[in-house]
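Read off the chains here:
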Amino acid sequence: MAASAERARHWQYAELPGVDLLRARYVEKVFVRHTHENFVIAAIAEGVEVFHHGSADQYAGPGALALVNPDTPHTGRAGVPEGWRYGAVYPSPELVAEIAAETTTIRGTPGFTSPVLDDPYAAGLVHQVLRAAEEGNALAADTLLRVAVTRLLRLNGGPLPQRAVRTAGAHVAARARAVLDERMAEPPTLELLATELGTSPFALLRAFRDAYGMPPHTWLTDARVRRARHLLDTGSAPAEAAVAVGFTDQPHLNRHFTRIVGVPPGAYQRERKNVQDGEGRLLLPSEAWQNRQLSQTYAKKTPENPTQPSSGTPWESGSPSACPGSPSG
């Protein structure tokens, strides 16, 4: 399949504040090492996604979910020649903590314990959240999102590890990150930064990798894209955002933004503007086809326990524990 078949829509639905939404088909797309402020819950519909997480490559195929906790470095690429098609929701840590407190026994900061979970039912719920958002069905979108997060936390959730006691190296890394964040548009060289912090370049490099899972220059690119997203959300033009965060020009921003977010900054901002203005949207050419295929796919996979349509609630009693197929503990 040619790369020209790649399509992506990265948007927000006003009735799900703070939750990013994504539908995409990628073939040759490669996500460089990056992080997210929110959780990543990505449901694979076709093909295979491979993403490096922790110290190993993880593989997620049809009916599986790729699950990444906030601020966790990871990558992404196709695991088969035909690429992969998926839908994803990105709920905030605050929303996940709220759901965990109400529907689980997890104590501490909740998160996912494994980066891949094979659960076609939960994957179907994620696709239904996206469909409900596209249809403007706020009640269904909010309901289904909360049911999906509850199920995933019960099947694959636990308290995130507490931060270790800060060592001297971790303290230096934190100071370096603060300097880079403050001087993002004009950062110092590694040597100058190390001198300013009273250490050596390689000692700083090792400490930063240990603390944040990537070298300082990679972290800086990720942070620049993250800040550019916030600027675009508040109405800055892509060219203005590029200069403000330290990229040389808009093409420089375009290249890194697309490698991390999955869509160009112009397309990203147009979707945000549509949400803010309450305007109609343009459907991707494949969207109607995708919805039909998803319905057929999950109907075939779970004939005895099909997922509910996005226009209805997934349980009768109103309790997440009564959701069909969800664990009771």
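Placed above this text is the structure.
What counts and how
Residues numbered from 1 in each chain as written. Predicted model: local features only at pLDDT ≥ 70, side-chain atom pairs only at ≥ 80, totals over all residues. Heavy atoms only, no water. Buried < 20%, exposed > 50% of the residue type's maximum accessible area, 1.4 Å probe, protein only. Helix = DSSP H or I, 4+ residues; strand = E, 2+ residues; numbered from the N terminus. Pairing = 2+ DSSP bridges. Core = buried A, V, L, I, M, F, W, Y, C linked by side-chain atoms within 4.5 Å. Contact = heavy atoms within 4.5 Å. Salt bridge = Lys/Arg side-chain N within 4 Å of Asp/Glu carboxyl O. 1 Å grid on protein atoms, 1.4 Å probe; cavity = no way out; pocket = protein on both sides within 12 Å on 5 of 7 lines; lining within 4 Å. Points joined across faces, edges and corners; volume = space filled by probe spheres on them. Nonpolar A, V, L, I, M, F, W, Y, C, P; charged D, E, K, R; others polar.

**Some details on the pairing of strand β2 (residues 20-26)**
For step 1, the next point in the chain: For β2, the buried fraction is high: 7 of the 7 residues fall into the buried class.
For step 2, the next point in the chain: Where strand β1 (residues 7-12) lies against β2, 6 bridges are found, and the strand directions are antiparallel. Residue R7 lies in a different strand from β2, and its bridge partner there is R25.
For step 3, the next point in the chain: Relative to strand β9 (residues 84-90), β2 runs antiparallel, the two being bridged by 7 bridges. Bridged to A24 within β9 is Y86.

**Here's the deal with the nonpolar core**
For step 1, the next point in the chain: Ranked by size, the top nonpolar core spans 36 residues in total, and within it L21, I41, L65, V89, L145 and L152 carry the most contacts.
For step 2, the next point in the chain: Residue assignment for this core shows that the elements contributing at least two residues are β4 (40-47), β7 (64-68), α1 (93-103), α2 (120-135) and α3 (138-156).
For step 3, the next point in the chain: Discounting chain neighbours no more than four positions away, the residues touching L65 are I41, A42, A43, P115, V116, L117, D119, A122, A123, V126 and L152.
For step 4, the next point in the chain: By size, the runner-up hydrophobic cluster in this structure holds 31 residues, among which are V172, A173, A242 and F247.

**Points about the pattern of salt bridges**
For step 1, the next point in the chain: One pass over the structure, following the stated rule, counts 12 salt bridges.
For step 2, the next point in the chain: The salt bridge partner of R23 is E134, with a shortest N-O separation of 2.7 Å. One end of the pair, R23, is in strand β2; the other, E134, is in helix α2, with 111 residues separating them in the sequence. Each member of the pair, R23 as well as E134, is classed as buried.
For step 3, the next point in the chain: Measuring nitrogen to oxygen at the nearest pair gives 3.0 Å for the salt bridge that ties E46 to R85. With a gap of 39 residues between them, E46 in strand β4 and R85 in strand β9 connect regions that are remote in the sequence.
For step 4, the next point in the chain: Of the residues examined, E46 reaches a relative accessible area of 26% and is grouped as partly exposed.
For step 5, the next point in the chain: By sharing partners, the salt bridges in this structure join R25, E46 and R85 into a single network.

**What about the layout of surface pockets?**
For step 1, the next point in the chain: In this structure, the second largest pocket spans a volume of roughly 330 Å³.
For step 2, the next point in the chain: If you go around the second largest pocket, you meet 20 residues; those closest to its centre are D20, E37, N38, R229 and H230.
For step 3, the next point in the chain: Tallying contributions element by element places helix α7 (residues 216-233) first for the lining of the second largest pocket, with 6 residues.
For step 4, the next point in the chain: When grouped by side-chain class, the residues that make up the lining of the second largest pocket number 5 nonpolar, 8 polar and 7 charged.

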